[in-house]
Amino acid sequence: MTEHNRTDVVVVGAGVVGASCAFHLARAGLDVTVLETFEGPAEGSSGRSFASVRAQWADALNIELSWRSIRTYRDFERNHGLAVGYRASGYLLLVPDHAWADHLKAVDLQREHGVPVDVLDTAAAQAITPFDATGIAGATWGPADGVVDPHLAAGAWLTMARALGTKVRFRRRVTAAEPTGTGWRLRAGDETHTCRYVVNAAGGWGGEVAALAGLDVPVAHSRRNVYATAPGALDHPLPMTIDTGTGVYLRSEGDRLLFAGAKPGEVDGYDVSVDWPWMEQILETGSARFPWLADLPLDRTGCWAGTYENTPDHLPVLGQAAGAPGWVNACGFSGHGVIQAPVAGELVAEEIVEGGVHSVDIGALRLERFADARAESTGMVF
């Protein structure tokens, strides 16, 4: 027998972004239902991420979204009484000579937004994380950057949302979406859900969910592998450290070291099998910058793979879709969903409750930018 449900908002996805949206909408007084394909929260991209958060960006919008979010994580336990695993363990960016001038301009912009950032010479940076300084002009250190626990964060938001009356339904994959004239009707298993608003927070599946409503949302999974040393390989913690020239990054987790780097030419699609040959390449590349990496014992059982949910411009799709009243996208964060989830929930609630986002200009994040780009690309090129 089909079960029929009515609610103000259906949030599709119980990762960190969806959970944040659910809480902020419920706090605004709306009746909310969360539909999640997996068996629990943060089991998709959120829970398979590197779980690191930073406010060191080169553009004002990402700086603002990330810095506001980090402060939310920082104050979460004090404000809500629930832990999200935030640790200000820091972020060290190693910058090659050719990129140093532009990087310093980004630091100025970060500081304008109130982000604490220190500029270090190579000797000071080596005191934090040992590395071969060949070709490195300098480094920047974000002392408020660090890590969070995506499972704790998603669980905390859902706990608070439930306390406000939100219904969270796991093992409910949305398979149909149709407009009703006053909202939307979704099918998930043997249930139908009628609502005024849909929030598409399905991460890398956001394009598939949007396609059910006839929308073209260009989001694709892109695998990211995380490799690990054996327990006890480190005798002291290391912060998130990125060799920006090669893209290799690493940080400690307990007494293990985690290390990774994006693989060029990775085929799009949901794939969480570990790419073992790529580990050899990362070790070779990473050991040139971090020579001690080659001597650490590895542990295949500690490795995993997850996915980024990429868009063509690596910015999220956020806001109500033109021509689809009541359909609000909050997906495609391109690996930055854990970082920006706190503010994403605030902005989605603002969009729905106030009829538009006013606290920050999200014009660059709306779906229509892709149609505009396609229209521009059809012009003649000389």
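Please refer to the structure higher up on the page.
Residues numbered from 1 in each chain as written. Predicted model: local features only at pLDDT ≥ 70, side-chain atom pairs only at ≥ 80, totals over all residues. Heavy atoms only, no water.

Novice: Go over helix H2 (residues 60-80) with me, naming the residues and quoting the values.
Specialist: Look at H2: 29 Å from first C-alpha to last across 21 residues, which is about the 30 Å you get at 1.5 Å a residue. Residues of H2 that are buried: Leu61, Asn62, Ile63, Leu65, Ser66, Trp67, Arg68, Ser69, Ile70, Tyr73, Asp75 and Phe76. In the core, the buried residues of H2 are packed alongside strand E3 (52-53), helix H3 (100-112), helix H5 (150-163) and helix H8 (337-353). Two residues or fewer past H2, glycine 81 is found with a positive phi of approximately 75 degrees. (Helix = DSSP H or I, 4+ residues; strand = E, 2+ residues; numbered from the N terminus. Expected span 1.5 Å × (residues − 1). Buried < 20%, exposed > 50% of the residue type's maximum accessible area, 1.4 Å probe, protein only. Contact = heavy atoms within 4.5 Å.)

Novice: Which residues make up the pairing of strand E6 (residues 136-142), and what values go with them?
Specialist: Of all 7 residues in E6, 6 are buried, a share of seventy percent or more. Here strand E4 (residues 91-96) runs beside E6; their pairing, made up of 6 bridges, is antiparallel. Bridge assignment links tyrosine 91 to a residue of E6, and that residue is glycine 142. (Pairing = 2+ DSSP bridges.)

Novice: How would you summarise the pattern of salt bridges if you had to cite specific residues and measurements?
Specialist: For the structure shown, the criterion picks out 18 salt bridges. Glutamate 191 is the salt-bridge partner of arginine 172, the closest N and O atoms lying 3.0 Å from each other. Here glutamate 191 lies in strand E11 (residues 191-200) and arginine 172 lies in the loop between strand E8 (167-169) and strand E9 (174-179), a separation of 19 residues in the sequence. Per residue, the accessibility class of arginine 172 equals that of glutamate 191, and both read buried. Put simply, glutamate 253 and arginine 251 hold a salt bridge, and the shortest N to O gap is 2.6 Å. Owing to a relative accessible area of 38%, glutamate 253 belongs among the partly exposed residues under this scheme. When its relative accessible area of 5% is taken as the criterion, arginine 251 is described as buried. Via salt bridges that share partners, Arg223, Lys263, Glu266, Asp271 and Asp275 belong to a single interconnected network. (Salt bridge = Lys/Arg side-chain N within 4 Å of Asp/Glu carboxyl O.)

Novice: If you had to explain the packing of aromatic side chains to someone new, which residues and values would you point to?
Specialist: Aromatic ring pairs are defined here through the distance separating the ring centres and the angle between the ring planes. Taken as a whole and assessed by the stated rule, the structure comprises 9 aromatic pairs. A network of ring pairs unites the aromatic residues Phe38, Trp205 and Tyr270 as a single cluster. The cationic tip of arginine 54 hangs over the ring face of tryptophan 57; the distance from NZ or CZ to the ring centre is 3.8 Å. The ring of phenylalanine 50 has arginine 251 lying over it, and the distance from NZ or CZ to the ring centre is 5.2 Å. (Phe/Tyr/Trp six-rings, centres within 6.5 Å; stacked < 30°, edge-to-face > 60°. Lys NZ or Arg CZ within 6 Å of the ring centre and 35° of its normal.)

Novice: Summarise the nonpolar core; cite the residues concerned and give the values.
Specialist: Core analysis: the biggest nonpolar cluster contains 62 residues, and Val11, Val17, Leu25, Tyr73, Trp157, Val199 and Val348 have the highest contact counts within it. Mapped by element, the contributors of at least two residues to this core are strand E1 (3-12), helix H1 (16-27), strand E2 (32-35), H2, H5, E11, strand E18 (327-331) and H8. Among the elements that line this core, the one with the most residues is H8, at 9 residues. Ignoring sequence-local partners within four residues, the contact set of valine 348 consists of Cys21, Leu25, Val199, Leu318, Val328 and Ala330. (Core = buried A, V, L, I, M, F, W, Y, C linked by side-chain atoms within 4.5 Å.)

Novice: Give me the lowdown on the sheet that holds strand E12 (residues 220-228), citing residues and values where you can.
Specialist: Spatially, the 8 strands line up as an open sheet ordered E5-E6-E4-E13-E14-E15-E12-E16, and their pairing is mixed. The sheet is open, and its two borders are formed by strand E5 (118-120) and strand E16 (304-310), each paired with just one other strand. The sheet shows a mean angle of 25 degrees between the axes of neighbouring strands, direction not considered. Contacts from H3 reach E4, E5 and E6 within the one sheet, and its direction differs from that of E5 by about 160 degrees. Lying on the sheet, helix H7 (residues 276-289) is in contact with E4, E6, E12, strand E13 (240-243), strand E14 (248-253) and strand E15 (256-260); it crosses E12 at an angle near 65 degrees. (Axes fitted to C-alpha atoms, helices over the stretch in contact; angles between N-to-C directions.)

Novice: Tell me about unusual backbone geometry, residues and numbers included.
Specialist: Located in the positive-phi region is alanine 51, a residue other than glycine, with phi close to 60 degrees. Tracing the chain through its elements places alanine 51 in the loop between E2 and E3. Residue classification places alanine 51 among the buried residues on the basis of a relative accessible area of 11%. In this structure, arginine 171 is a non-glycine residue whose phi angle is positive, near 55 degrees.

Novice: Tell me about the layout of surface pockets, and please be specific about residues and values.
Specialist: Over the atoms rolls a probe the size of a water molecule, and its path tells where empty space is left. Within this model, the second largest pocket holds a volume of roughly 230 Å³. Taken together, 18 residues form the lining of the second largest pocket, with Ala51, Val148, Pro150, Arg251 and Glu253 sitting closest to its centre. At the level of elements, H5, E14 and E15 are the ones that each hand at least two residues to the lining of the second largest pocket. Grouping the amino acids of the lining of the second largest pocket by side-chain chemistry returns 8 nonpolar, 5 polar and 5 charged. (1 Å grid on protein atoms, 1.4 Å probe; cavity = no way out; pocket = protein on both sides within 12 Å on 5 of 7 lines; lining within 4 Å. Points joined across faces, edges and corners; volume = space filled by probe spheres on them. Nonpolar A, V, L, I, M, F, W, Y, C, P; charged D, E, K, R; others polar.)

Novice: Tell me about the packing of H1 against H8, residues and numbers included.
Specialist: Each pair of packed helices can be described by the angle between their axes along with the distance between the axes. Where H1 contacts H8, the axes come no closer than 8 Å and their chain directions differ by 35 degrees. Considering only the axes of H1 and H8, their crossing is right-handed. Residues Val16, Val17, Ser20, Cys21, His24 and Leu25 of H1 lie in contact with H8, whose contacting residues are Gly337, Val338, Ala341, Pro342, Ala344, Gly345, Glu346, Val348, Ala349 and Ile352. (Left-handed = near helix turned anticlockwise from the far one by under 90°.)

Novice: Can you tell me about H5, naming the residues and giving the values?
Specialist: Over its 14 residues, H5 extends 20 Å from the first C-alpha to the last, a length consistent with the 20 Å expected when each residue adds 1.5 Å. Taken residue by residue, H5 has Pro150, Ala153, Ala154, Ala156, Trp157, Leu158, Met160 and Ala161 as its buried positions. Considering only its buried residues, H5 is in contact with H1, E2, H2, E8 and H8. Just beyond H5, the residue with positive phi is glycine 165, at close to 105 degrees.

Novice: An account of the environment of valine 95 is requested, with residue identities and associated values reported.
Specialist: With respect to the helices and strands, valine 95 occurs in strand E4. The spatial distance from the C-alpha of valine 95 to the C-alpha of alanine 154 is 33 Å, given a sequence separation of 59 residues. Excluding its chain neighbours within four sequence positions, the residues that come into contact with valine 95 are Trp100, His103, Gly135, Ile136, Ala137, Gly138 and Thr244.

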